[in-house]
Amino acid sequence: MPPSAKSIREDLARAKAAYGKNEELRTVQLIALALRAFVSVKLPGTDRIAIEGQLREAFGNLSKLPRVLKYAPNGVPYAKGQEQKLAAFVAGLAQKLEEDITRESLDAMRERKLRIDHAIIKGSKLLAEGNLLEAQRNFRAAVADYVDEKGLFPLLAGKLIDAGHFKASLEYVKRAVEEAPDNARAYDFLMTAAGKAEEWQQAERILLDVAARGASHPLLDQAMARVQARLGNWKEALAAAKRALAADARLTDAAQVLAAAQKHLAAPPPAA
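Residues numbered from 1 in each chain as written. Predicted model: local features only at pLDDT ≥ 70, side-chain atom pairs only at ≥ 80, totals over all residues. Heavy atoms only, no water.

Visitor: Tell me about the overall build of the chain, and please be specific about residues and values.
Guide: Regarding its fold elements, the chain presents 13 helices and zero strands. Rg of the C-alpha trace for the chain: 31 Å, well past the compact-globule value of 19 Å for 272 residues, more than 25% over. Principal-axis analysis of the C-alpha atoms places the extent of the chain at approximately 100 × 50 × 30 Å. For the chain, the residues scored as buried account for 43% of the 272 residues in total. The contacts of the chain with a sequence gap of at least 6 include a subset with a gap of at least 24, amounting to 59%. Surface summary for the chain: the accessible area is close to 15,200 Å², and the carbon and sulfur share equals 54%. Positive and negative charge centroids in the chain, built from 41 and 34 side chains respectively, lie 3 Å apart. (Helix = DSSP H or I, 4+ residues; strand = E, 2+ residues; numbered from the N terminus. Rg over C-alpha atoms; globule rule 2.2 N^0.38 Å. Buried < 20%, exposed > 50% of the residue type's maximum accessible area, 1.4 Å probe, protein only. Contact = heavy atoms within 4.5 Å. Areas by Shrake-Rupley, 256 points an atom, 1.4 Å probe, with all protein chains shown as cover. Lys, Arg positive; Asp, Glu negative; His and termini not counted. Charge placed at Lys NZ, Arg CZ, Asp CG, Glu CD.)

Shown next as structure tokens:
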């Protein structure tokens, strides 16, 4: 659809709204879009006058933006009749702002990842020295910077398990399962930590909490079957094992729990 006086006015209105929200890049992009449309069509005099008034306001706002002042310290005044040159300048300005924001985002991401690495290294050193309290403080600092590094939680859980802190590891095992319910390693850690710490009820709570968050995976059902078997809840173990095997018949642990549950549930009650 070709641009019109209405669409140009709407773009400039959106630019004004973006300026009010401190959305610098969007403000510049919308002004560039409006200018490009303005120079591409012939408009009646009344429409041109109205739009020129909006453009003066838009350039007044543009000249107050900190990112723009980096490249145009004296601002960018609107010059009637120079819209073609202004359109090219503002389009280039939008590209520079976008590059700056992307670079800043990458720099922030690198700094965040460095903080995570530093916290893990320091926490590992403290853990090796037997200082679990301070190690945990650093590990939790790493978790506080988490965005999408899903391997972080199995890594921390593994470090604590290797150091013999099985109960402490469950904090990270839970997050490992939450973030990646398809990760078999996370369930191996859960079974190891729960078994060594005798924390089968906590393991059950972890799996129930993960399921309540909407997670669904045959590995989750298999782990639930194994935990329920450890707790002696054979009906629940049977149901979970059936769900796991219905989704993936290759799950040998679920098959073993299924057989054990069927055996226990078929056995007659002990004589009085």
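Visitor: Please give an account of helix α1 (residues 5-20) that cites residues and values.
Guide: Between its terminal C-alpha atoms α1 stretches 23 Å, which fits the 22 Å expected from 16 residues at 1.5 Å a residue. Within the sequence span of α1, burial applies to Ala 5, Ile 8, Asp 11, Leu 12, Ala 15 and Ala 18. All buried residues of α1 project into a common sector of 150° when viewed along the axis, lining one side. Opposite the buried face of α1, by more than 90 degrees, sit the exposed residues Lys 6 and Gly 20. In the segment just after α1, Asn 22 is the residue with positive phi, at about 60°. (Expected span 1.5 Å × (residues − 1). Arc of directions from axis to C-beta.)

Visitor: Let's hear about the environment of Leu 133: which residues, and what values?
Guide: Along the polypeptide, Leu 133 turns up in helix α6 (residues 132-144). The spatial distance from the C-alpha of Leu 133 to the C-alpha of Gly 123 is 9.5 Å, given a sequence separation of 10 residues.

Visitor: Hey, could you go over the environment of His 217 for me, with residue numbers and the actual values?
Guide: On the secondary structure map, His 217 appears in the loop between α10 (200-212) and α11 (218-231). The spatial distance from the C-alpha of His 217 to the C-alpha of Asp 248 is 9.6 Å, given a sequence separation of 31 residues. Residues in contact with His 217, not counting those within four places in the same chain, are Pro 181 and Asp 182. Separated by 3.0 Å, the side chain of His 217 and the backbone nitrogen of Leu 219 make a polar contact. (Polar contact = N/O pair within 3.5 Å; in protein donor to acceptor, adjacent residues only side chain to side chain.)

Visitor: An account of the packing of aromatic side chains is requested, with residue identities and associated values reported.
Guide: The way to describe two aromatic rings as a pair is by their centre distance and the angle between their planes. Applying the stated criterion to the full structure yields three aromatic pairs. When the centroid spacing of 5.7 Å and the interplanar angle of 40° are considered together, the rings of Phe 59 and Tyr 78 count as tilted. Of the two residues, Phe 59 is situated in helix α3 (residues 45-62) and Tyr 78 in the loop between α4 (66-71) and α5 (83-128); the sequence distance between them amounts to 19 residues. Each member of the pair Phe 59 and Tyr 78 is classed as buried. (Phe/Tyr/Trp six-rings, centres within 6.5 Å; stacked < 30°, edge-to-face > 60°.)

Visitor: I'd like to hear about the nonpolar core, residue by residue, with values.
Guide: Ranked by size, the top nonpolar core spans 55 residues in total, and within it Leu 152 and Leu 207 carry the most contacts. Setting aside chain neighbours within four positions, we find Leu 207 in contact with Tyr 187, Leu 190, Leu 220, Ala 223, Met 224 and Val 227. With 32 residues, the next largest nonpolar core counts Leu 12, Ala 32, Leu 62 and Ala 87 among its residues. (Core = buried A, V, L, I, M, F, W, Y, C linked by side-chain atoms within 4.5 Å.)

Visitor: Which residues make up the packing of helix α9 (residues 184-197) against α10, and what values do they have?
Guide: Running from N to C, α9 and α10 cross one another at 150°; their axes reach a closest spacing of 8 Å. In terms of orientation, α9 lies roughly antiparallel with respect to α10. Considering only the axes of α9 and α10, their crossing is right-handed. Across the interface between the two elements, Tyr 187, Leu 190, Met 191, Ala 194 and Gly 195 of α9 pack against Trp 200, Ala 203, Ile 206 and Leu 207 of α10. Class assignment for the residues of the contact of α9 with α10 results in eight nonpolar, one polar and no charged. (Axes fitted to C-alpha atoms, helices over the stretch in contact; angles between N-to-C directions. Parallel < 35°, antiparallel > 145°, perpendicular 65-115°, else oblique. Left-handed = near helix turned anticlockwise from the far one by under 90°. Nonpolar A, V, L, I, M, F, W, Y, C, P; charged D, E, K, R; others polar.)

Visitor: Please set out the packing of α5 against helix α7 (residues 152-162) residue by residue, giving values where relevant.
Guide: Across the interface, α5 lies against α7 with an axial gap of 11 Å and an inter-helix angle of 10°. Considering their axes alone, α5 and α7 lie roughly parallel with respect to each other. Touching Ile 116, Ile 120, Ser 124 and Leu 127 of α5 are Leu 152, Leu 155, Leu 156, Lys 159 and Leu 160, all from α7. The class makeup of the residues in the contact of α5 with α7 is seven nonpolar, one polar and one charged.

Visitor: So what about the side chain of Asp 248? Which residues, and what values?
Guide: Its location among the elements puts Asp 248 in the loop between α12 (234-247) and α13 (252-266). Side-chain polar atoms of Asp 248 contact the backbone nitrogen of Arg 250, separated by 3.0 Å.

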